[in-house]
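# Inside the fold
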Amino acid sequence: MAVYHPDAYRTDRKAPSYWEATAVVPPAPRLAADQAADVVVIGGGYTGLSAALHLARDHHVSAVVLEAGPIGWGASGRNGGFVSLSSAKLSAEAMIARHGEAETRRFYAAEMEGIDLVRALLAEGIDADPQGDATYEVAHRASVAPALRASVDFHVRKLGLPAFFMDRHAFTKMGHGGTEQFGAAGLRGAFGIHPLKYLAGLRALVARHGAKVHADSPVIAWTRDSGGYILTTPGATIRTRTVVVATNGYTPDTIHRAFANRTLPAISSIIVTRPLTEAELAAVGWRTACPVSNTRNLLFYYRLLPDGRFLFGGRGGTSGSPAEQARVTAWLTRRLGEVFPPWKDVEIDHAWNGLVCLTGRLTPALGRLDDEPGVHYAFGWHGNGVAAATWAGRRIARAIVEEKGRPIDLPAPLRGLPPHLGHPLIRRVGLKAVYAWYGLREPQ
Ligand SMILES: Cc1cc2nc3c(=O)[nH]c(=O)nc-3n(C[C@H](O)[C@H](O)[C@H](O)COP(=O)(O)OP(=O)(O)OC[C@H]3O[C@@H](n4cnc5c(N)ncnc54)[C@H](O)[C@@H]3O)c2cc1C
């Protein structure tokens with residue numbers, strides 16, 4: 001049983017989105033012949049493609065990526081395109097309390113490396129429409145601005161992040177106006193991209209370095225075989241000694257007993273308007289190409305796209321049914337008009353959703369299984385995986401080749417499997433409770 005409505009898992013068709021409508025994504029063949037591979041990666045998002053790319057390019061190990069749907073079907077093909085922090089939902093303060101300052105600094109250093117890595121990969125010839133030189137988190141109420149300013153100081157002083165604070169007046173001059181803008185925290189160096197063009201570019205790099213990607217090839221059975229594994233897809237099987245599980249919010253509970261009930265997928269939804277005119281942009285004082293989110297517990301994230309359309313995203317419901325998605329689209333459209341009143345009646349051209357992945361400890365999970373050293377995993381990006389998943393793919397590649405037979409030297413917040421979370425129904429009900437709790441605690 002899956003956590004959400006079957007529609008959320010339909011890999012037999014492309015996932016429609018503004019990105020899908022504006023990118024050329026060459027298809028990949030199904031796995032059609034039985035074969036063997038050094039490494040098999042399950043999941044063809046940023047984690048899986050980055051692992052395969054770095055295995056092939058940096059370590060000369062050829063991997064085969066098996067993707068259940070068409071190329072770009074998962075969250076990597078339909079996200080907001082923020083290349084930013086943080087892949088943990090745990091606050092930096094709580095992380096320091098749990099893991100100490102040194103390990104928390106290592107975690108954030110890895111996150112910043114992830115942003116640099118995406119930029120470096122773009123420089124290798126991926127045209128993914130990079131935009132902006134920072135991302136911003138906007139105080140949605142005057143009452144939260146002092147805490148946001150204090151948080152910036154903390155992140156700079158304790159963690160060495162390139163963060164800065166702008167008061168409402170300063171941010172109005174370079175960012176935007178609207179009813180929910182009371183100053184902003186910026187992160188220098190973060191930026192926005194076309195996520196599906198980035199994914200397609202990664203896939204092209206993977207191919208250039210000799211690794212193989214098979215689309216429409218879900219792993220439907222995974223069995224042990226004389227020291228290795230046989231992975232079965234509908235078209236053929238593949239033998240290997242080393243597997244990377246890179247399925248994040250789409251991880252089937254049945255894929256392997258070690259991963260059952262360890263992920264909490266959550267739905268995130270996006271709407272995209274028709275192109276806005278200069279006059280419409282001026283009406284809300286929109287001036288920035290930088291991606292923005294806000295300080296709500298259940299946050300909104302938004303950005304102006306290169307063709308003048310406005311992307312607005314937020315929480316996406318708790319069932320994943322088409323009827324609920326229609327209600328969420330209507331709600332996001334209403335909220336867009338409340339935050340930016342001049343855009344109240346602007347037409348919405350695209351709406352879609354996808355699954356992000358939370359864990360029970362609110363930090364991502366990277367590693368290899370203690371009792372099956374051939375099985376590696378990386379998941380749990382808490383809705384911020386563009387940079388972090390790319391980084392994790394590279395890190396897992398290195399671990400496979402250079403840290404065989406010894407523990408992987410990771411920042412403590414990332415290490416090992418997160419706790420079990422219970423049956424899918426319990427997880428869905430639990431998420432509803434979390435949403436209600438967050439909603440009640442929303443600063444007014
Ligand atoms: C609406 C939305 C907005 C978001 N916005 C942002 C953002 O602005 N910035 C940001 O950093 N992050 C954002 N995220 C999160 C980000 O997209 C993810 O963290 C990231 O893409 C995860 O990459 P991944 O490779 O780990 O997983 P995915 O990209 O989800 O890929 C996992 C893949 O595994 C495949 N799979 C599952 N089971 C099997 C199987 N049995 N066999 C083979 N393949 C299988 C799936 O088909 C899927 O394609 C957003 C996510 C969503 C949904």
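It should be emphasised that the depicted structure is a prediction, and the values quoted were computed from it without experimental measurement.

### Quick notes on the nonpolar core
Formed by 77 residues in total, the largest nonpolar core has its most connected members in Ile-115 and Tyr-198. Discounting residues that sit within four places of it in the chain, Ile-115 has contacts with Val-83, Ser-84, Leu-85, Leu-187, Gly-189, Ala-190, Phe-191 and Ala-387. In this structure, Ala-134, Val-138, Phe-164 and Val-346 belong to the second largest nonpolar core, which totals 26 residues.

### Description of unusual backbone geometry
The omega torsion of the bond from Leu-85 to Ser-86 falls at -10°, within 30 degrees of zero and hence cis. Within the element layout of this structure, Ser-86 appears in the loop between strand 4 (82–83) and helix 3 (92–99). Even without a glycine there, the phi angle at Asp-129 is positive, about 50°. Along the chain, the position of Asp-129 falls in the loop between helix 4 (101–123) and strand 5 (134–138). The exposure class assigned to Asp-129 is partly exposed, which follows from its relative accessible area of 22%. Not every positive phi belongs to a glycine, and His-382 is a case in point at roughly 50°. Inspection of the secondary structure puts His-382 in the loop between strand 20 (375–379) and helix 10 (385–402).

### So, the pattern of salt bridges
In this structure the tally under the stated criterion is 27 salt bridges. The residue Glu-180 makes a salt bridge to Arg-335 at a minimum N-O spacing of 3.0 Å. Linking Glu-180 in the loop between helix 6 (168–174) and strand 7 (184–188) with Arg-335 in helix 9 (residues 322–339), this pair joins segments that are 155 residues apart in sequence. Between Arg-257 and Asp-371 there is a salt bridge whose closest N-O contact spans 3.1 Å. One end of the pair, Arg-257, is in the loop between strand 13 (242–245) and strand 14 (264–273); the other, Asp-371, is in the loop between strand 19 (365–368) and strand 20, and 114 residues separate them in sequence. Owing to a relative accessible area of 51%, Asp-371 belongs among the exposed residues under this scheme. Through salt bridges with shared partners, a single ionic network connects Glu-180, Arg-296, Arg-334, Arg-335 and Glu-338.

Criteria and cut-off values
Throughout this description, residue numbers start from 1 for each chain and increase along the sequence as written. Local features are withheld for residues below a pLDDT of 70 in this predicted model, meaning they are given only at 70 or higher, and side-chain atom pairs are given and counted only at 80 or more; totals for whole chains, interfaces and linings count all residues. Calculated side-chain values reflect all of the structure's heavy atoms, with hydrogen atoms and water omitted. By nonpolar core we mean a set of buried residues, namely Ala, Val, Leu, Ile, Met, Phe, Trp, Tyr and Cys, connected to one another through side-chain atoms within 4.5 Å. Think of it in three bands: residues with accessible area under 20% of the maximum for their type are buried, residues over 50% are exposed, and the middle band is partly exposed, with areas taken using a 1.4 Å probe on protein chains only. By definition, residues are in contact when any of their heavy atoms lie within 4.5 Å. Helix and strand definitions follow DSSP, with helices as H or I runs of at least four residues and strands as E runs of at least two, each counted in order from the N terminus. Only one rule defines a salt bridge in this text: a Lys or Arg side-chain nitrogen within 4 Å of an Asp or Glu carboxyl oxygen.

Keep in mind these numbers describe shape, not what the thing actually does.
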